[in-house]
Amino acid sequence: MQKSEFVDQLFDAILTLETKEECYNFFGDACTPKEIQAIAQRFAVAKMLNEKYVYNEIIEKTGASTATISRVSRAINEGFKTAFERLEK
């Protein structure tokens, strides 16, 4: 992803959020419900791929298409890995 001043400002704002309710409110203002669900689905797919689930299991549990699963599989990098590690603590 290309860094920019606007993206930096967005991430700075996100880093100020302290509760799930604040996240719901912020992302509810910033995104459509469909956009939030798409991001959540991709995160779920990435988590399941990280846990070595197979495509059929991921499709069944998330409703994601094979194309989405493939895209997420190619995109798993340090960002997702850092989140997964921190969520385990």
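Because the structure is a prediction, the values reported are computed rather than measured. (Residues numbered from 1 in each chain as written. Predicted model: local features only at pLDDT ≥ 70, side-chain atom pairs only at ≥ 80, totals over all residues. Heavy atoms only, no water.)

Q: How would you summarise the nonpolar core if you had to cite specific residues and measurements?
A: In this structure, Val45, Ala46, Met48, Leu49, Ile58, Ala64, Ile69, Val72, Ile76 and Phe84 together form the largest nonpolar core, which totals 10 residues. Looking at this core, the elements with two or more residues in it are helix H3 (33–50) and helix H5 (66–75). In terms of residue count, the dominant contributor to this core is H3 (four residues). Ignoring any residue separated from it by four or fewer positions in sequence, one finds Ile76 in contact with Ala46, Leu49 and Lys81. (Core = buried A, V, L, I, M, F, W, Y, C linked by side-chain atoms within 4.5 Å. Buried < 20%, exposed > 50% of the residue type's maximum accessible area, 1.4 Å probe, protein only. Helix = DSSP H or I, 4+ residues; strand = E, 2+ residues; numbered from the N terminus. Contact = heavy atoms within 4.5 Å.)

Q: I'd love a proper account of the side chain of Thr68, names of residues and values included.
A: With respect to the helices, strands and loops of the structure, Thr68 is situated in helix H5. For Thr68, a relative accessible area of 10% gives the class buried. Not counting chain neighbours up to four residues away, the residues in contact with Thr68 comprise Gln41 and Arg42.

Q: Can you break down unusual backbone geometry residue by residue, with the values?
A: It is generally the case that most residues other than glycine have a negative phi and that most peptide bonds are trans. Within the chain, Lys52 stands out as a residue other than glycine whose phi angle is a positive 70 degrees. According to the relative accessible area criterion, Lys52 is exposed, its value standing at 70%.

Q: Quick rundown of the packing of H3 against H5? Include the residues and the values.
A: Two elements in contact, H3 and H5, have axes whose closest approach is 9 Å; the angle formed by their N-to-C orientations is 65 degrees. When the interaxial angle is binned, H3 and H5 end up roughly perpendicular. Here the hand of the crossing between H3 and H5 comes out right-handed. Contacts from Gln41, Arg42, Val45, Ala46 and Leu49 of H3 reach H5 at Thr68, Ile69, Arg71, Val72 and Ser73. A class-by-class count of the residues in the contact of H3 with H5 yields five nonpolar, three polar and two charged. (Axes fitted to C-alpha atoms, helices over the stretch in contact; angles between N-to-C directions. Parallel < 35°, antiparallel > 145°, perpendicular 65-115°, else oblique. Left-handed = near helix turned anticlockwise from the far one by under 90°. Nonpolar A, V, L, I, M, F, W, Y, C, P; charged D, E, K, R; others polar.)

Q: Provide a residue-level description of a nonpolar patch on the surface, including the pertinent values.
A: On the surface, Met1, Leu10 and Phe11 cluster together to form a nonpolar patch covering roughly 350 Å² of accessible area. Relative to the helices and strands, Met1 resides in the segment before helix H1 (5–15). Exposure remark for Met1: the relative accessible area of 82% places this residue in the exposed category. (Patch = residues over 30% accessible without salt bridge, like charges linked within 9 Å, V, L, I, M, F, W, Y side chains within 5 Å. Areas by Shrake-Rupley, 256 points an atom, 1.4 Å probe, with all protein chains shown as cover. Salt bridge = Lys/Arg side-chain N within 4 Å of Asp/Glu carboxyl O.)

Q: How would you summarise the pattern of salt bridges if you had to cite specific residues and measurements?
A: Taken as a whole, this structure holds one salt bridge when the rule is applied. A salt bridge links Glu51 to Lys47, with the shortest nitrogen-to-oxygen separation between them at 2.9 Å. Accessibility expressed as a relative area gives 33% for Lys47, which makes it partly exposed.

Q: Report on the packing of helix H4 (residues 55–62) against H5, specifying residues and quantitative values.
A: The contact between H4 and H5 brings their axes to 10 Å, and the two run at 115 degrees. Here H5 runs roughly perpendicular to H4, going by the angle between their axes. By crossing handedness, the relation of H4 to H5 is classed as right-handed. On H5, the residues touching Tyr55, Ile58 and Ile59 of H4 are Thr66, Ile69, Ser70 and Ser73. For the contact of H4 with H5, the residue count by class is four nonpolar, three polar and no charged.

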